[in-house]
Amino acid sequence: AMFRFPKGVVVGARSSRCTYGEATLSVSTEDDTLGNCPEGDGSVTFGRSNTASGKWSSVLGGYGNTASGSYSSISGGLDNTASGDYSSVSGGSNNHASSTHASIYGGEAVLKQDLESTLVFDSPFTKDAAGWWVADMTMFRFPKGVVVG
């Protein structure tokens with residue numbers, strides 16, 4: 001048998017702070033003050049205290065995330081925002097994808113942790129008198145990538 005839910009489906013608590021959109025899905029906690037809020041038509045929310053207010057937007061996990069752009073998506077993390085249409089944030093914290101088609105993966109804390117875990121303590125660099133790090137070798141391999149900026 002097939003079931004049709006034109007208004008939407010809520011698994012867990014129905015949030016008292018939310019104006020639900022049409023054809024939405026929310027999987028949430030039992031605490032309605034921390035419940036998810038799929039306000040945009042066709043939006044989906046998972047995790048805790050997340051909001052998907054853009055039409056056809058989604059928040060797939062995490063806490064306190066907001067996908068307000070149409071077709072925007074947040075995969076998880078904490079306090080991220082995808083406000084541009086077709087924008088996405090894949091994790092991290094306090095990231096803001098505000099332009100159309102913008103995409104952000106991770107965040108400063110994630111990059112810092114990745115860099116610290118790959119640091120070589122027997123450094124091929126020496127510091128010159130001006131404070132610049134100078135390479136003593138002619139070739140380097142960066143298997144994890146390079147961050148500039």
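Our subject is the structure that appears above.
Report follows, based on the coordinates.

### Some remarks on the overall build of the chain
Turning to step 1, where the next piece is worked out: Assigned secondary structure in the chain consists of 1 helix and 13 strands.
Turning to step 2, where the next piece is worked out: Looking at the 149 residues of the chain, the share that counts as buried comes to 29%.
Turning to step 3, where the next piece is worked out: Considering only residue pairs separated by 6 or more positions, the chain has 2% of its internal contacts joining residues 24 or more positions apart.
Turning to step 4, where the next piece is worked out: Accessible surface, the chain as shown: approximately 9,600 Å² in total, 57% of it carbon and sulfur.

### Details of the pattern of salt bridges
Turning to step 1, where the next piece is worked out: Per the stated rule, a full pass over the model turns up 1 salt bridge.
Turning to step 2, where the next piece is worked out: Linking Lys-7 and Glu-22 is a salt bridge whose minimum nitrogen-to-oxygen distance equals 3.2 Å. Here Lys-7, found in the segment before strand 1 (8-11), pairs with Glu-22, found in the loop between strand 1 and strand 2 (24-27); they are 15 residues apart in sequence, far enough to count as distant.
Turning to step 3, where the next piece is worked out: Residue classification places Glu-22 among the partly exposed residues on the basis of a relative accessible area of 40%.

### Quick word on the nonpolar core
Within soluble globular proteins, side chains that are nonpolar generally end up buried alongside one another.
Turning to step 1, where the next piece is worked out: In this structure, Ala-52, Val-59, Ala-67, Ile-74, Ala-82, Val-89, Ala-97 and Ala-102 together form the largest nonpolar core, which totals 8 residues.
Turning to step 2, where the next piece is worked out: Once you skip the residues sitting within four places of it in the chain, Ala-67 turns out to touch Thr-51, Ala-52, Ser-53, Gly-54, Ser-57, Ser-58, Val-59, Ser-72, Ile-74 and Ala-82.

### Quick look at the sheet that holds strand 6 (residues 66-67)
Turning to step 1, where the next piece is worked out: Here 4 strands make up an open sheet; going across it, the order is 4-6-8-10 and the pairing parallel. Two strands bound the open sheet, and with one partner strand each, they are strand 4 (51-52) and strand 10 (96-97).
Turning to step 2, where the next piece is worked out: As defined by bridge partners, strand 8 (residues 81-82) adjoins strand 10 across 2 bridges and the pair is classed as parallel. Counterpart to Ala-82 in the pairing with strand 10 is Ala-97.

### Considering the side chain of Thr-45
Turning to step 1, where the next piece is worked out: You can see Thr-45 is positioned in strand 3 (residues 44-45).
Turning to step 2, where the next piece is worked out: Take Thr-45: its relative accessible area is 0%, and that puts it in the buried class.
Turning to step 3, where the next piece is worked out: In contact with Thr-45, not counting residues within four places along its chain, are Leu-25, Ser-26, Val-27, Asn-36, Cys-37, Pro-38, Asn-50, Thr-51, Ala-52 and Val-59.

### What to know about the sheet that holds strand 11 (residues 103-104)
Turning to step 1, where the next piece is worked out: The parallel open sheet is built from 7 strands, whose spatial order is 1-2-3-5-7-9-11. A strand with exactly one partner marks an edge of an open sheet, and here the two such strands are strand 1 and strand 11.
Turning to step 2, where the next piece is worked out: Taken together, the 2 bridges between strand 7 (residues 73-74) and strand 9 (residues 88-89) define a ladder with parallel strand orientation. The partner of Ile-74 across the bridge, within strand 9, is Val-89.

### Section: the side chain of Thr-24
Turning to step 1, where the next piece is worked out: Residue placement: Thr-24 occurs in strand 2.
Turning to step 2, where the next piece is worked out: Excluding residues that lie within four positions of it along the chain, Thr-24 makes contacts with Lys-7, Gly-8, Val-9, Pro-38, Gly-40, Gly-42 and Ser-43.

### Concerning the environment of Gly-106
Turning to step 1, where the next piece is worked out: By the secondary structure assignment, Gly-106 is in the loop between strand 11 and helix 1 (108-118).
Turning to step 2, where the next piece is worked out: You can call Gly-106 buried: its relative accessible area is 11%.
Turning to step 3, where the next piece is worked out: Measuring from C-alpha to C-alpha, the distance between Gly-106 and Gly-91 comes to 4.8 Å, with 15 residues separating the pair along the chain.
Turning to step 4, where the next piece is worked out: Residues within four places of Gly-106 in sequence aside, it is in contact with Ser-90, Gly-91, Gly-92 and Asn-95.

Basis of the calculations
- Residues numbered from 1 in each chain as written.
- Predicted model: local features only at pLDDT ≥ 70, side-chain atom pairs only at ≥ 80, totals over all residues.
- Heavy atoms only, no water.
- Helix = DSSP H or I, 4+ residues; strand = E, 2+ residues; numbered from the N terminus.
- Buried < 20%, exposed > 50% of the residue type's maximum accessible area, 1.4 Å probe, protein only.
- Contact = heavy atoms within 4.5 Å.
- Areas by Shrake-Rupley, 256 points an atom, 1.4 Å probe, with all protein chains shown as cover.
- Salt bridge = Lys/Arg side-chain N within 4 Å of Asp/Glu carboxyl O.
- Core = buried A, V, L, I, M, F, W, Y, C linked by side-chain atoms within 4.5 Å.
- Pairing = 2+ DSSP bridges.

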